[in-house]
Amino acid sequence: MKKYWLTLKISLQDLLEYRFDFLLRTVRYTTSILMLAFLWLAVAHESTSSNIDPKNIISYYLFSAMIYGLSNFHTDHIEEDVRLGYISKYLVKPVSPFWMYFFNMFAQTLAEVLVKIVLFIPAALLLGYVTFLSPVQFLLCVIMGTLVFFAMFCLYFGLSGLAFWFQYVDSIRMCVMFTFRFLSGIFISVSFFPSWYQFISRFLPFEYMAYIPIQMMQGNLDIRQSLQAICMLVGWTFLFYFFQYFIWQKATHSYESTGI
Amino acid sequence: MRHYLHVFIQIWKRSAAHILEYRLNIFIQGAFILVYLVGMLMMLEIIFSNTQSLGGWSKSEVILLYGICGIMWGLIELVYFSSLMHFMMRGVSTGELDTILTKPLDAQFLTLFSYPAMMEFIYPFSSALFTGWVLLTQHYSFSLESVFTFFASIILTQILLLFLFSAYSSLAFFVTKSQQVLRTLETLGDHSQYPTIIYPQLLKLSLLSFLGVGLVGYIPTAFLLQKLPTLGLVPLFLGTCATVFTSRFIWKFSLRRYSSASS
């Protein structure tokens with residue numbers, strides 16, 4: 001475990017080394033999500049229906065911007081390591097590539113989310129866009145957030161593993177990522193989707209990656225509903241974990257490093 | 001000029017040959033573009049199920065804007081964006097710029113056009129098909145003047161953005177990891193498929209001026225739909241000229257301060 005802890009620390013140090021890069025990356029996605037809030041505020045302004053509450057929109061997209069990094073990150077460096085053969089350095093050492101990459105990504109995501117929490121929550125509280133959560137609700141939000149990241153990492157790691165067979169797999173990963181972005185509620189709240197989709201989305205993994213965590217953070221779900229959502233996400237996480245396990249087992253079984 | 005055109009064509013031929021080696025990737029990329037186009041259209045559908053207009057633009061007008069924006073961004077990605085990204089990631093920090101400087105061609109030209117993203121051709125191509133279909137099925141009325149201002153604004157906007165992004169890429173001379181600047185503009189560009197008018201005043205001005213991404217689809221489509229007067233071309237022309245000169249100045253200034261990083 002010590003070696004993975006060290007990976008986490010080094011990744012954090014790397015982020016602090018290139019502060020401008022980290023700052024811009026954080027600003028980039030945050031601004032993009034907050035611009036969606038302006039889009040929906042424009043819709044609310046011109047809409048004749050009264051079911052779009054501007055205050056709720058701002059609050060929704062503030063949380064969406066905060067947790068965006070948990071489910072939207074790029075694992076293209078893993079694909080490059082596979083393509084160029086750098087993956088061998090993990091395969092010949094007593095370390096797991098999965099956990100090495102996991103802690104590397106986790107450090108980046110954690111730093112990004114923490115910066116947003118520190119900046120957004122006080123501002124949102126002052127402006128009255130968020131309400132206080134009970135300690136139990138807060139704990140459940142933290143568990144949900146960690147699970148979201150772990151589940152999505154398993155999925156993207158599995159997809160990046162396809163690089164053992166294909167030259168470029170980023171399009172496949174981006175396809176999946178975009179589908180998740182769109183259907184998870186990051187771009188549009190699931191409540192705006194047609195009712196038939198809202199019904200089936202309970203059985204799909206998408207809304208558990210953004211919409212449900214945001215509902216939990218907004219205090220719209222009670223403890224029982226939150227626990228139900230966590231149980232569903234645990235199920236999907238297992239599925240994604242076995243997906244990546246299967247891909248990487250299959251890949252490393254037939255992998256021959258020829259050096260570069 | 002002919003020499004530059006010849007080099008440009010050779011670069012494109014080389015890139016085309018490279019992507020044809022991996023034909024399966026073209027289909028995968030095509031699938032991604034299809035998912036993206038359908039997803040964004042569904043998003044528009046959801047938006048317009050809640051309102052009749054967006055910033056005073058009707059649904060059919062926003063769909064046209066979406067198509068034109070796809071062509072414009074697609075061309076940017078195809079022709080020079082990946083070259084600029086490559087320069088920002090590797091040009092200065094690894095000393096790759098040295099090899100460019102030793103060639104008997106303008107260094108800014110090579111920085112802009114050395115690595116076209118040929119794989120991205122699917123995006124402007126499918127957007128053009130989509131726009132054609134929209135123009136055929138929806139009933140718009142365009143005057144000759146609006147068509148002229150539309151094409152003129154497309155050319156001016158593309159030149160402006162080319163030099164604006166090039167100016168931003170000069171940051172690579174001063175900051176080790178600066179590629180996020182262009183990536184940020186690319187991400188903000190996703191929002192150029194909505195009328196820029198919907199954003200708050202300060203953001204709108206930023207998008208239409210120093211960020212530039214608000215110009216991409218909004219300005220040409222506004223000219224086509226006669227939402228902007230023909231005289232609106234004048235500030236666009238002046239802005240383009242100012243951007244070209246500023247970009248060239250920044251590039252030359254940065255180059256003067258550059259010292260080789262390679263061994």
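Cut-offs used in this document
- Residues numbered from 1 in each chain as written.
- Chains lettered and ligands numbered in written order.
- Predicted model: local features only at pLDDT ≥ 70, side-chain atom pairs only at ≥ 80, totals over all residues.
- Helix = DSSP H or I, 4+ residues; strand = E, 2+ residues; numbered from the N terminus.
- Rg over C-alpha atoms; globule rule 2.2 N^0.38 Å.
- Buried ≥ 20, exposed ≤ 12 C-beta atoms within 10 Å, placed from the backbone.
- Core = buried A, V, L, I, M, F, W, Y, C linked by C-beta atoms within 7 Å.
- Contact = placed C-beta atoms within 7 Å.
- Nonpolar A, V, L, I, M, F, W, Y, C, P; charged D, E, K, R; others polar.
- Axes fitted to C-alpha atoms, helices over the stretch in contact; angles between N-to-C directions.
- Parallel < 35°, antiparallel > 145°, perpendicular 65-115°, else oblique.
- Expected span 1.5 Å × (residues − 1).
- Left-handed = near helix turned anticlockwise from the far one by under 90°.
- pLDDT = per-residue confidence, 0-100.

*Asks:* Account for the overall build of chain A, naming residues and giving values.
*Replies:* Along chain A, the regular secondary structure elements total 11 helices and 0 strands. Along its sequence from the N terminus, chain A presents helices and strands in the succession α-α-α-α-α-α-α-α-α-α-α. Computed over its C-alpha atoms, the radius of gyration of chain A comes to 19 Å, within 12% of the 18 Å expected for a compact globule of 260 residues. Dimensions along the principal axes, computed over C-alpha positions, put chain A at roughly 65 × 40 × 35 Å. Burial status across chain A gives 38% buried among its 260 residues.

*Asks:* Residues and numbers for the nonpolar core, please.
*Replies:* Met152 of chain A together with Leu84 of chain B are the most contacted members of the largest nonpolar core, which has 124 residues in total. Here this core takes 19 residues from helix α3 (residues 59–91) of chain B, the largest share from any one element. Excluding anything up to four places from it in sequence, Leu84 of chain B contacts Leu112, Phe165, Ser166, Ser169 and Leu182 of chain B.

*Asks:* Go over the interface of chain B and chain A, please, and point to the residues and values.
*Replies:* By a widely used convention, the size of an interface equals the accessible area lost when the partners come together. Taken together, the contact pairs 33 residues of chain B with 33 residues of chain A. Elements with a minimum of two residues in the side of chain B that touches chain A: α2 (23–48), β1 (53–54) and α8 (180–189) of chain B. The element best represented in the side of chain B that touches chain A is α2 of chain B, accounting for 12 residues. Across the side of chain B that touches chain A, the residue classes break down as 18 nonpolar, 12 polar and 3 charged.

*Asks:* Requested: an account of α8 of chain B, with residues and values cited.
*Replies:* One full turn of an α-helix is made of 3.6 residues, so residues set three or four places apart face in the same direction. Taken residue by residue, α8 of chain B has Gln180, Val181, Leu182, Thr184, Leu188 and Gly189 of chain B as its buried positions. Close packing links the buried residues of α8 of chain B with α2 (19–46) of chain A together with α3 and α7 (144–169) of chain B.

*Asks:* Talk me through the packing of helix α3 (residues 54–71) of chain A against helix α6 (residues 97–127) of chain A; I want residue IDs and the actual numbers.
*Replies:* Residues and elements named next belong to chain A. Direction vectors running N to C along α3 and α6 enclose 170 degrees, while the axes themselves pass 8 Å from each other. In terms of axis orientation, α3 runs roughly antiparallel to α6. Of the residues in α6, those in contact with Leu62, Ala65, Met66, Ile67, Gly69 and Leu70 of α3 are Thr109, Glu112, Val113, Lys116, Ile117, Phe120 and Ala124. Residue composition of the contact of α3 with α6, by class: 9 nonpolar, 2 polar and 2 charged.

*Asks:* I'd like a description of α2 of chain B, backed by residues and values.
*Replies:* Here α2 of chain B is 26 residues long and its end C-alpha atoms lie 38 Å apart, about the 38 Å a rise of 1.5 Å per residue gives. Elements that come into contact with the buried residues of α2 of chain B comprise α2 and α8 (170–184) of chain A together with β1 and α6 (122–137) of chain B.

*Asks:* Which residues make up unusual backbone geometry, and what values do they have?
*Replies:* A positive phi is found at Gln226 of chain B, a non-glycine position, where the angle reads about 60 degrees. In this structure, Gln226 of chain B sits in the loop between α10 (218–224) and α11 (233–257).

*Asks:* Give me the lowdown on the packing of α7 of chain B against α11 of chain B, citing residues and values where you can.
*Replies:* Relative orientation and spacing of two packed helices are given, respectively, by the angle between their axes and the distance between those axes. Residues and elements named next belong to chain B. Two elements in contact, α7 and α11, have axes separated by 8 Å at closest approach and are oriented at 25 degrees. Considering the angle they form, α7 stands roughly parallel to α11. Crossing hand, α7 versus α11: left-handed. The residues of α11 that touch α7, namely those facing Thr149, Ala152, Ser153, Leu156, Ile159, Leu160, Phe163, Leu164, Ser166 and Ala167, are Leu233, Leu236, Phe237, Gly239, Thr240, Thr243, Val244, Thr246, Ser247, Ile250 and Trp251. The class makeup of the residues in the contact of α7 with α11 is 13 nonpolar, 8 polar and no charged.

*Asks:* I'd love a proper account of the confidence of the model for chain B, names of residues and values included.
*Replies:* Here chain B shows a mean pLDDT of 90. Residues at 70 or above account for 99%. Predicted as a complex, the structure gets a pTM of 0.89 and an ipTM equal to 0.89.

*Asks:* So what's going on with the environment of Lys116 of chain A? Which residues, and what values?
*Replies:* Residues and elements named next belong to chain A. Within the secondary structure, Lys116 is located in helix α6. The spatial distance from the C-alpha of Lys116 to the C-alpha of Thr30 is 8.4 Å, given a sequence separation of 86 residues. When sequence neighbours within four positions are dropped, the list of residues in contact with Lys116 reads Thr26, Thr30, Ala65 and Met66.

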